[in-house]
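# Descriptive structure summary
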Amino acid sequence: MGEEAPAEAMAAGFPAWARTVEECEARLRVDKDKGLSSSEAAARLRSHGANELQEHPGPSMLQLVAQQFEDTLVRILLAAAAVSFALALSSSAGALTLSAFVEPLVIFLILVVNAAVGVWQETNAEKALEALRQIQSDHAAVLRDGEWVPSLPARDLVPGDVVQLRVGDKVPADMRVLRLVTSTLRVEQGSLTGETNSVNKTAHSVPAEDADIQAKECMVFAGTTVVNGSAVCLVVHTGMATEIGKIHLQIHEASQEDDDTPLKKKLNEFGEALTKIIGLICALVWLINVKYFLTFELDGWVPRNIRFSFEKCTYYFEIAVALAVAAIPEGLPAVITTCLALGTRKMAAKNALVRKLPSVETLGCTTVICSDKTGTLTTNQMSVAKLVAIGDVSGKVRSFKVDGTTYDPRDGKIQDWPAGRMDANLEMIAKVAAVCNDASVSHSSNQYVSTGMPTEAALKVLVEKMGLPEGKNGLSVDPSETLGCCRWWSNAAKRIATLEFDRMRKSMGVIVMSKSGSNTLLVKGAVETLLERSTHVQLQDGSVVPLDEKSRKAILESLHELSTKALRCLGFAFKEDLGEFATYDGEYHPAHKLLLDPANYAAIETDLIFAGLAGLRDPPREEVFDAIEDCRAAGIRVMVITGDNKETAEAICHEIGVFSPDEDVSLKSFTGKEFMLHDDKKALLRRKGGLLFSRAEPRHKQEIVRLLKEDGEVVAMTGDGVNDAPALKLADIGVAMGITGTEVAKEASDMVLADDNFSTIVAAVGEGRSIYNNMKAFIRYMISSNIGEVASIFLTSALGIPEGLIPVQLLWVNLVTDGPPATALGFNPPDKDIMKKPPRRSDDSLITPWILFRYLVIGLYVGIATVGIFVIWYTHGSFMGIDLTGDGHTLVSYSQLSNWGQCSTWNNFTVAPFTAGARTFTFDNPCEYFQAGKVKATTLSLSVLVAIEMFNSLNALSEDTSLLRMPPWVNPWLLLAMSVSFGLHFLILYVPFLAQVFGIVPLSLNEWLLVLLVALPVVLIDEVLKFVGRCTTSSGPKRRSKKQKGE
């Protein structure tokens, strides 16, 4: 074990990038020419563990199921079902019937379906970690015992292993470059850092020990890909110690911090309040009715002759259960799920694919959008924006603006392009751009895609826009050819040797042979370095003159102008006097040996003739500016977090409107490192307007999101790379890119953009706000209906009349009859000014005190109406001119009805039979008239309740707008839903089997007229309340405007 202890710590905290190769060998105790011995590798494998990402066990199925019952509403429902089941069991006493168990079975079924949906969503939520494991390499070429093992399983790698990387390899661990086998090594690490281009790697150490990932040029990281070259590297970190391992851990930690959505928090608060209210009302009902099942006489302070009726105690307990069933909006979870699902379909039509249903609602209260730059705000397609050629005299340059933002050669043209034949200087620029180039552009799936370096692909598109020397375009050569002009130039100047790009000379060169047999060197690269190596300049007519100070100054001024606009500049040069390469024709030529050593390339690329330069950029998307203006109008702050360099990012932010054109951004633009060193990060994040964070690493993004959430902001975060996954997981809304996004980012997200477009997020926020407003409408509607049901039962109990509505009827109303209108309210058209209002606070109350008062008034009317029609049937032969005696039922006084429990003591009390549909009800015991005989009165109460709730759904079309201004037909789905609900009610009324299950009977035409007469006033009452609400709102304090808010 003495060997293992230091081995375990040898790479921990060791900044390999800041140490020489020899220091790294010494620290990791390995000889780079022999590698580790098999025994030492085995010992280190035992010490460090396998080179793989840990599996974090998720919650068990039992835990997932238990989690679904943590909601307060669900727990109340569960308790109500259990009590209801016990009562059904006791009341059935030997004769078990299905109808007695309908209510508990339906409630249990709701709970089972709700739990199943919840478990299904949870099991789909944690796939990001699995997708991350797919990124890891499977095998590696490793030096062990002095011999190369060509395909060692990557999981067996340990710190100290010597590994060879080749083109196309996936890097198996975090490694220090020991030496380059080829002249260059380029690695695609954008998924880890967010950089647009692949990056060059070197074996030279980096001086800074606290360098960020982008600056660690001598390190290659697990999960990235080698796109060019070959190298020998030393494994420094494996498994969870790698950068990708840290991201894996961050995703896991972020998933543990998943917060409830704003809506879920509000529903939980509502559930808790509901529990207290139900408890209070149930206690009140029992206190009011205790005299019916518990009597005693007081002898001083001592109770005597205590009499307790278990039957009546059970009856009033059933009323309490009915109260619970009435108070709980059982259909609410199902309607919310349906509304959110409909919302996802609307968003999908706008290219926003929602992966997690609750995020639809959360989008509506987004206050901050943290957006990546590359591919989201920009097109992620490099394009040439400016072409600078040499003029007709020394010291003069010509500038051409190039339109277009994609790889489509037909997208845009070159402004002020000379008509007719191209001049010699422009021909040379086209030749260099086309031939000194390894990229390609092709047409695939209705879009143009590049292969190779994006900057080189942009140059090829430029050549197509320039056309052919005689003035024709590429289509005249071959209409089916995407790069017809480039193909023409490649045929005219055949490439016979390549001087690969390297970081030292910052250029790439090719030797080409013309059809006449003469050789030319074509070079492209950094403008400053090409100027240093140039002695002449080519003028417009093709003549070559010495590069004087005047010409140099003109070129450098053009370079400065383009650079200040954040354009990436590339220069073009050539050389015709090639010395020993003048006759070069391939590898058998004597000069070929000079090409084998990249150290000779700089000497070959001297005495150049400078031809011109081009300014390239990753252009912003056209629609982004308007989208950011929409965000500003909607009170949403936009923060740009990118891995790109500061200057480029600032220029783009100025252009797209995150910053105004002349704004001083010194207090609004920071690198990730500068932000982390800031004393008061929260104060920085609270600054008004846009913010920019460049050179941001995964931990920086996470910290920004975490601090914003702590400050009460609702954060939407966009990202596409592996490096974005932890922040996507942590944000309230993680938004991944559908086209450029990695699987890891998609799996960690809540929403995927099918078109990778920032404006799609803004459209989705608008849709989220609309959905939330509609959800508020149906939640208000359902809750007001439940208040009415509670009021009905409470009044029944308080007045002492027979129970008007039984639990199974209330359950039918809450689940089936209320369901269609509530769902249809989800189709309400959005307000026209929905994106002109500030975002609602996530802690805004779902039901304001005024709305609660309104629905208490409505609820009280529902209670009076349902109880009133019950009393009217028993006590009145006609009501408001409507005859009710057609069925032959016996009328009683109100006093008799409210004291029906004493019926057995009444003298000479008799009742006549009455008819209901095809049934005739007769009573051997007249007191049964108040129990079995109440079936008609109960049916009237239920029908009034259904009719009132249908009319009440019209009230819910708008919170404050009158039905005269927003008529029912603005939402035809609601009219259809009302028809469906009435149809379902008719179904249980007029199908004998169902009527028996629900304890109701058919109604006559006169009885239906009475139902409508009693139900319609609910619309008039709410219209008056809406009018009062509008008057008080217009005279009261107004909501803060955008300017007051400081946006």
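Residues numbered from 1 in each chain as written. Predicted model: local features only at pLDDT ≥ 70, side-chain atom pairs only at ≥ 80, totals over all residues. Heavy atoms only, no water.

This is how the line gets drawn: UniProt positions are given in the numbering used here, feature names are shortened, and annotations may be inferred rather than shown by experiment.
Going by an unreviewed UniProt entry, the protein carries the name P-type Ca(2+) transporter and comes from Brachypodium distachyon. Turning to the protein, the UniProt record has this under Catalytic activity (unreviewed entry): "Ca(2+)(in) + ATP + H2O = Ca(2+)(out) + ADP + phosphate + H(+)". What UniProt states about the protein under its Sequence similarities (unreviewed entry) heading is, verbatim, "Belongs to the cation transport ATPase (P-type) (TC 3.A.3) family. Type IIA subfamily."

## Concerning a nonpolar patch on the surface
Using the following cut-off: Patches here are clusters of residues that have more than 30% relative accessible area and form no salt bridge, with a 9 Å joining cutoff for like charges and a 5 Å cutoff for nonpolar side chains (Val, Leu, Ile, Met, Phe, Trp, Tyr). Each accessible area value is a Shrake-Rupley result obtained with a 1.4 Å probe; residue values ignore everything except the protein chains displayed when judging cover. Every case where a carboxyl oxygen of Asp or Glu lies within 4 Å of a side-chain nitrogen of Lys or Arg is listed as a salt bridge. A helix here means a DSSP run of H or I that spans at least four residues, while a strand means a run of E at least two residues long, and both kinds are numbered starting from the N terminus. Burial here depends on accessible area, computed with a 1.4 Å probe over protein chains only, as a share of the maximum for the residue type. Under 20% is buried, over 50% is exposed, and the range in between is partly exposed.
A cluster of nonpolar side chains, contributed by L78, F85, L89 and F108, occupies part of the molecular surface with about 310 Å² of accessible area. Among the elements that take part in the nonpolar patch, helix α5 (residues 72-92) stands out by supplying three residues, more than any other. Relative to the elements of secondary structure, L78 occurs in helix α5. A residue is classified by how much of its surface remains accessible, and L78, at 33% relative accessible area, is partly exposed.

## Thoughts on unusual backbone geometry
The backbone of R29 shows a phi angle near 50°, a positive value even though the residue is not glycine. What makes R29 partly exposed here is its relative accessible area of 33%. Residue D607 is not a glycine yet carries a positive backbone phi of 55°. We classify D607 as partly exposed; its relative accessible area is 49%.

## Here we look at helix α21 (residues 624-633)
V624, A627, I628, C631 and A633 are the residues of α21 that are buried. Phi turns positive, to about 75°, at G635, one or two residues after α21.

## Let's talk about a negative patch on the surface
Put simply, the rule is: The charge count includes Lys and Arg as positive and Asp and Glu as negative, but it does not include His or the ends of the chains. One atom stands in for each charge, and that atom is NZ of Lys, CZ of Arg, CG of Asp or CD of Glu.
Residues E622, E623, D626 and D630 make up a contiguous surface patch of negative charge. When its relative accessible area of 69% is taken as the criterion, E622 is described as exposed.

## A few points about helix α34 (residues 972-990)
What counts, and what does not: One less than the residue count of a helix, multiplied by 1.5 Å, gives the span that helix is expected to have. What the arc measures is the spread of directions leading from the helix axis to the C-beta atoms.
A rise of 1.5 Å per residue sets the reference length of α34, with its 19 residues, at 27 Å; its end C-alpha atoms lie 27 Å apart and thus fit the reference within 8%. Within the span of α34, buried status applies to L974, A977, M978, S981, F982, H985, I988 and L989. Down the axis of α34, the buried set is contained in an arc of 135°. They therefore lie on one face.

## Overview of the environment of A80
Here A80 shows up in helix α5. Here the alpha-carbon distance between A80 and L323, two residues 243 residues apart in the chain, equals 9.7 Å.

## A short note on the packing of aromatic side chains
Filter applied, for reference: Stacked, tilted and edge-to-face are the three classes assigned to paired rings of Phe, Tyr and Trp, where Trp is represented by its six-membered ring and a pair needs centres within 6.5 Å; plane angles under 30 degrees give stacked, over 60 edge-to-face, the rest tilted.
Evaluation of the coordinates by the stated rule reveals 23 aromatic pairs. Taken together, a centroid distance of 5.5 Å and an interplanar angle of 50° make the contact between F870 and Y874 tilted. With F870 and Y874 both in helix α31 (residues 849-875) and four residues apart, this pair spans about one turn of that helix. Neither F870 nor Y874 differs from the other in exposure class; each is buried. Ring geometry for F914 and F921: centres 5.2 Å apart, planes at 20°, overall stacked.

## Quick look at the pairing of strand β9 (residues 302-308)
Defined as follows: By the convention used here, strands pair only if DSSP detects at least 2 bridges between them.
With five bridges connecting them, strand β8 (residues 294-299) and β9 associate as antiparallel partners. Pairing of D299 across the sheet is with V302, part of β9. Taken together, β8 and the strand that follows it, β9, pair antiparallel across an intervening segment of two residues, in which G300 is found at a positive phi of about 75°.

## Describing the sheet that holds strand β25 (residues 691-694)
Selection rule: In this description, a line fitted to the C-alpha atoms serves as the axis of each element, helices being fitted only across the stretch in contact, and the angle between N-to-C directions of two axes falls anywhere from 0 to 180 degrees. Only heavy atoms enter the contact rule, under which two residues are in contact if any of them lie within 4.5 Å.
The sheet built from eight strands is open, its strands ordered β10-β28-β27-β26-β11-β23-β25-β24 with mixed pairing. Two strands close off the open sheet at either side, each with one partner strand: β10 (352-354) and β24 (669-671). Adjacent strand axes in the sheet meet at a mean angle of 20°, parallel and antiparallel pairs treated alike. Where strand β11 (residues 368-371) lies against strand β23 (residues 637-641), four bridges are found, and the strand directions are parallel. Note that in β23 the partner of I369 across the bridge is V638. Set on the sheet, helix α22 (residues 646-656) makes contact with β23, β24 and β25; between it and β25 the angle comes to about 155°.

## A word on the UniProt feature "transmembrane region" (unreviewed entry) in the protein
According to UniProt, the feature "transmembrane region" (unreviewed entry) maps to residues 73-95, 101-120, 273-294, 314-342, 852-874, 973-993 and 1008-1029 in the numbering used here. Structurally, residues 273-294 is divided into 95% helix and 5% strand, and its ends, taken at the C-alpha atoms, are 30 Å apart.

## Focus: the nonpolar core
Stated formally: Nine residue types can take part in a nonpolar core, namely buried Ala, Val, Leu, Ile, Met, Phe, Trp, Tyr and Cys, and a core is a set of them joined through side-chain atoms within 4.5 Å. Residue ranges assigned to each domain were obtained from an automatic or database domain assignment.
Ranked by internal contacts, the top residues of the largest apolar core, which has 136 residues, are F758 and Y874. Split by domain, the residues of this core number at least three in each of domain 2 (353-378 + 621-756) and domain 4 (771-791 + 801-830 + 844-1033). Contact partners of Y874, with chain neighbours within four places excluded, come to T890, L891, V892, L897, Y929, F930, G933, K934 and A937. By size, the runner-up hydrophobic cluster in this structure holds 57 residues, among which are A16, C370, A731 and A748.

## Re the environment of Q67
For Q67, the position within the fold is in helix α4 (residues 61-67). Put simply, Q67 and A115 are 48 residues apart on the chain and 8.6 Å apart in space, counted from C-alpha to C-alpha.

## Brief notes about the pattern of salt bridges
Close approach of charged atoms allows side chains of opposite charge to pair. Throughout the structure, instances matching the rule amount to 30 salt bridges. Close ionic contact of R19 with E209 constitutes a salt bridge, the shortest N to O distance being 2.8 Å. Of this pair, R19 sits in the loop between α1 (4-9) and α2 (21-27) while E209 sits in the loop between β5 (199-200) and β6 (219-220), and the two are 190 residues apart along the sequence. A salt bridge links E40 to R44; its shortest N-O distance comes to 2.5 Å. Here R44 and E40 lie together in helix α3 (residues 38-48), a separation of four residues that amounts to about one turn. Its relative accessible area of 1% is what places R44 among the buried residues. Among the ionic contacts, a cluster of salt bridges with common partners joins K682, E703, R706 and E710.

## Focus on the state of the cysteines
Our working rule: The disulfide criterion is simple: two cysteine sulfur atoms within 2.5 Å.
Going through the model one piece at a time under the given rule, you end up with one disulfide. Covalently, C903 is tied to C927 through a disulfide, its sulfur atoms 2.1 Å apart. With the S-S dihedral at roughly -95°, the linkage between C903 and C927 falls on the left-handed side. With a gap of 24 residues between them, C903 in the loop between α32 (894-898) and β31 (914-916) and C927 in the loop between β32 (919-921) and α33 (935-955) connect regions that are remote in the sequence. In this structure C903 comes out as buried when scored by relative accessible area, which is 4%. Of all cysteine sulfurs in the structure, the one in C24 sits closest to C218, which takes part in no disulfide; the separation is 7.4 Å.

## Here's the deal with the pairing of strand β7 (residues 225-237)
Of all 13 residues that make up β7, 10 are buried, and the element is covered over most of its length. Sheet topology note: the strand β3 (residues 162-165)/β7 ladder contains four bridges and is antiparallel. The partner of V163 across the bridge, within β7, is C233.

## Quick word on the packing of helix α29 (residues 807-817) against α33
The packing of two helices is summarised by the inter-axis angle and the distance between the axes. Rules: Angle categories: roughly parallel below 35 degrees, roughly antiparallel above 145, roughly perpendicular from 65 to 115, and oblique for all the rest. Here is the rule for handedness: rotate from the far helix to the near one, and if that takes an anticlockwise turn smaller than a right angle the crossing is left-handed, while a clockwise turn gives right-handed. We call Asp, Glu, Lys and Arg charged. Ala, Val, Leu, Ile, Met, Phe, Trp, Tyr, Cys and Pro are nonpolar, and the rest, Gly among them, are polar.
One can describe the packing of α29 onto α33 by two numbers: an axis separation of 11 Å at closest approach and a directional angle of 25°. Classified by the angle between their axes, α29 and α33 sit roughly parallel to one another. With respect to the hand of their crossing, α29 and α33 are arranged in right-handed fashion. Two secondary-structure elements touch here, α29 through Q809, L810, V813 and T817 and α33 through T938, L942, L945, V946, E949 and M950. For the contact of α29 with α33, the residue count by class is six nonpolar, three polar and one charged.

## Focus on the packing of α29 against α34
Their axes nearest at 10 Å, the elements α29 and α34 cross at an angle of 145°. Once α29 is placed against α34, the crossing between them reads as right-handed. Touching W812, V816 and T817 of α29 are S981, L984 and I988, all from α34. Taken together, the residues of the contact of α29 with α34 sort by class into four nonpolar, two polar and no charged.

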